Amino acid sequence: EGSTIYIPVVFHIVLKNPNLVTDAQIQAQIDRLNIDYAGLNPDSTLIPARFKPYFAKPNIQFKLAQRNANDEPSDGIDRVTTAIDNFTIDDIRVKYAALGGADAWDHNRFFNVWIADLGQQYLGYSTFPNSSPAAEDGVVIKYTTLPGNPGVYGKGRTLTHETGHFFYLYHIWGDEPDCAADDFIDDTPLQGNYTSGCSHPNDPCTPDSKGGVMYQNFMDYTDDACMVMFTLEQKNRMETSANLYRPSLVA
Ligand code: ARG
Ligand code: ZN
Ligand code: CA
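Residues numbered from 1 in each chain as written. Chains lettered and ligands numbered in written order. Predicted model: local features only at pLDDT ≥ 70, side-chain atom pairs only at ≥ 80, totals over all residues. Heavy atoms only, no water.

1. Re the coordination of the zinc ion (ligand 2)
In the first shell of the zinc ion (ligand 2), the protein supplies His161 (NE2), His165 (NE2) and His171 (NE2), at 2.0 Å from the metal. Read N to C, the donor residues that coordinate the zinc ion (ligand 2) are spaced as H-x3-H-x5-H. With His161 in helix H2 (residues 157-166) and His171 in the loop between H2 and helix H3 (232-245), this residue pair connects regions lying 10 residues apart in the sequence. Among the residues examined, His161 registers a relative accessible area of 6% and is labelled buried. (Donors = N, O, S within 2.8 Å, 3.2 Å for Na, K, Ca; no water. Helix = DSSP H or I, 4+ residues; strand = E, 2+ residues; numbered from the N terminus. Buried < 20%, exposed > 50% of the residue type's maximum accessible area, 1.4 Å probe, protein only.)

2. Considerations on the site of ligand 1
Taken together, 14 residues are adjacent to ligand 1, and Thr158, Glu162, Tyr221, Thr222 and Asp224 come closest. In this structure, an oxygen atom belonging to ligand 1 sits 3.2 Å away from a side-chain N or O atom of His171. Measuring from a nitrogen atom of ligand 1, one finds a side-chain N or O atom of Asp224 at 2.7 Å. Against a free-state accessible area of 350 Å², the protein chains account for coverage of 90% of ligand 1. Ranked by the residues each element gives to the shell around ligand 1, the list is headed by H2, at five residues. Looking at the shell around ligand 1, its residues break down into four nonpolar, six polar and four charged. (Near = heavy atom within 4 Å. Polar contact = N/O pair within 3.5 Å; in protein donor to acceptor, adjacent residues only side chain to side chain. Areas by Shrake-Rupley, 256 points an atom, 1.4 Å probe, with all protein chains shown as cover. Nonpolar A, V, L, I, M, F, W, Y, C, P; charged D, E, K, R; others polar.)

Below, the structure written as structure tokens:
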């Protein structure tokens, strides 16, 4: 067990009415993130017995920034009014004030999370370490994914999932519908395709006769209510990549 890493977070709320997202919702979202990363989520009871030995508690926690990029006192919540109805996936406009979004705060000092309307198709997306310009480094989530929203994606777990990508986790099924594609994590079973909803009968790569796939993992596409765990190796990969690729964020 290493010591806990504390990541300062800034939430950029970029909406036609940014007050639609309240401070209480932001607090609930960061609580959700911290509970999930601490492995303190009560719904971890959904983990089947055969996967319990792999249930991990990553030593990563998050706190709202208390200073802004100019070192002035801040609550870590940045509200920006935009004229853009909705953004789409990998839409850089949300990350630039000049294009109708909000500028990142120095990515060496802050984990940037943009909250925006992404229309009907997308819940969120993330950059991987060293994959994008500094000004675009971070996570974007749809505002309706914050805790307290209706629907199967309204419990705040999109940010748990996207933050996994931010720390270099891949989707559990390896993003290809075949059994050769892997997530580079040994303690997640090979999985042919993503899971929708809350069950995954008889995956061709790890059929039920061999125990079945780990659709309870945060890096699947399961409903918020059914994704409940990271594994030991995912914890290790996230902690390692945090120290390796994001050392100043961790310090
Ligand atoms: N589709 C998105 C992604 O690939 C997010 C999926 C989040 N799932 C959820 N149950 N909140 O990053
Ligand atoms: Zn994803
Ligand atoms: Ca695996």
